[in-house]
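# Notes for the structure review
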Amino acid sequence: MKRHGNIYDKICSIENLREAHRNARKDKLFYKEVQMVDSNPDYYLTQIQEMLSSETYEVSEYTYSVINDKGKSRDLAKLPYFPDRIIQWAIMLQIEPVFMETFCYHTCASIKQRGISRVVDLMHEYLKDTKNTTYCFKMDVSKFYPSIDHDILKKLLRKKFKDKRLLKLLDKIIDSAITETGVPIGSYLSQYLANFYLSYFDHWMKEELHLKYVVRYMDDIVVLSSSKLHLHIVQAQVKQYLNTELNLTIKPNYQIFPVEKRGIDFVGFRFYHGKTLLRKSTYKKMKRKMRKILKKQMKNQLINYSEFCSINSYAGWLKLCDGYRLSQKYIIPVIPSLLRYYKEIILGNSKKSPIKKENAFIKYKENLIKKGLLQE
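Small disclaimer: the values here were computed from a predicted structure and weren't measured.

Thresholds, definitions, all that
Residues numbered from 1 in each chain as written. Predicted model: local features only at pLDDT ≥ 70, side-chain atom pairs only at ≥ 80, totals over all residues. Heavy atoms only, no water. Buried < 20%, exposed > 50% of the residue type's maximum accessible area, 1.4 Å probe, protein only. Helix = DSSP H or I, 4+ residues; strand = E, 2+ residues; numbered from the N terminus. Polar contact = N/O pair within 3.5 Å; in protein donor to acceptor, adjacent residues only side chain to side chain. Pairing = 2+ DSSP bridges. Contact = heavy atoms within 4.5 Å. Axes fitted to C-alpha atoms, helices over the stretch in contact; angles between N-to-C directions. Core = buried A, V, L, I, M, F, W, Y, C linked by side-chain atoms within 4.5 Å. Phe/Tyr/Trp six-rings, centres within 6.5 Å; stacked < 30°, edge-to-face > 60°. Lys NZ or Arg CZ within 6 Å of the ring centre and 35° of its normal.

Another point: helix 9 (residues 164–174). Burial in helix 9 covers these residues: L166, L167, L169, L170, D171, I173 and I174. Sitting at the amino-terminal end of helix 9 is D163, which places a side-chain oxygen 3.1 Å from the backbone nitrogen of R165.

So, on to the sheet that holds strand 7 (residues 255–258). As summarised here, the arrangement of the five strands in space is 3-5-6-4-7, forming an open sheet in which the pairing is mixed. The open sheet terminates on both sides in strands that have one partner only, identified here as strand 3 (107–108) and strand 7. In terms of strand pairing, strand 4 (residues 135–140) meets strand 6 (residues 220–225) through six bridges, oriented antiparallel. Within strand 6, the residue paired with F137 across the bridge is V223. In this fold helix 6 (residues 116–127) packs onto strand 3, strand 5 (213–217) and strand 6, with an angle of close to 165 degrees to the strand it touches most, strand 5.

Take the nonpolar core next. Within soluble globular proteins, side chains that are nonpolar generally end up buried alongside one another. Core analysis: the largest hydrophobic core is formed by 78 residues, its most contacted members being L52, F99, F144, L157, F201, L242 and L246. Ignoring anything within four residues of it in the chain, the contact list for L246 reads D149, I152, L156, Y197, L198, F201 and Y241. Residues V119, Y213, F266 and A360 belong to the second largest nonpolar core, which totals 44 residues.

This paragraph deals with the packing of aromatic side chains. Tallied over the full model, the rule gives 21 aromatic pairs. With centroids separated by 5.8 Å and ring planes inclined at 75 degrees, the aromatic side chains of F144 and Y145 adopt a geometry described as edge-to-face. The residues F144 and Y145 share a single accessibility class, namely buried. Chaining the aromatic ring pairs together yields one cluster made of F99, F103, F161, F196 and Y200. The positively charged end of K275 is found above the aromatic ring belonging to Y272, 5.0 Å away from the centroid.

Okay, structure coming up:
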């Protein structure tokens, strides 16, 4: 197995730090710390370079908050933009290719071009083989992020990297959490470390268990087979592997069931052989939001940024499933509000010339036409 070295100096290079800042600042231009670094990039990035080169960098204190997601309480941990988020981006710019060569093709979530649309494509591809996808084993890991074992994670990293300074820096970031186990939800590096933590498990499923139809979306896993008995055996093997090799447990509410009878509820959709439907709870939420926007539109009121994002988001979701009728019923009627917000707020606050604004508006409408959301 190839181990990678000579990475740390590349992380410390001023060119790499500039690129890290350019990436980290996207969609965060209103952050005071981003504006601070933007005011004198060379000065602040040189400070980071000196911290890294002298190995004196210490991880800043996290700011913790709690969010409720579908009835689940999640602890989010946030680091300051300067220097921490820039440093994490600088690290990932250099080690992401190594992670990518480790991930299996069915590994999805928090990876470039491997989001929900990739999962949908894989499920569609798998379910074409109706004979060998009769049954589904669906499971997820119990408290995945908080349960990641620091010692095991460090051991796995040493399988891929031999740069001692890089490993020392990664160890420092891993151990910066307030608990002895787990990586912080919300930290940029954490999502890659979490995926990497399960990467050898992915290979084990493919190479040792010889599972043909498997997809993992972070800690949510779906396995398809022609045999219900086979999936029960897989469940026992997976449970043992996760427990002994990674110190993880699967939730007791795992399911093994026939696909056609109930469909596979996964990443916001319900998958069947030959059709894909939007999850019922997602549909109801979309219905409420779109009706609220339509009422505003009828009163000639301008929507807000959150509602603008909602229209775009739900339009994208419906393109991934058999959602033509839902799109016609709920998305198409609110497109005038989408166009108005884009023209009055997004282009209105832009520093572009009037001609460039008009051209941008034309291109935006052309894009909606291509998506089938606007008629010519």
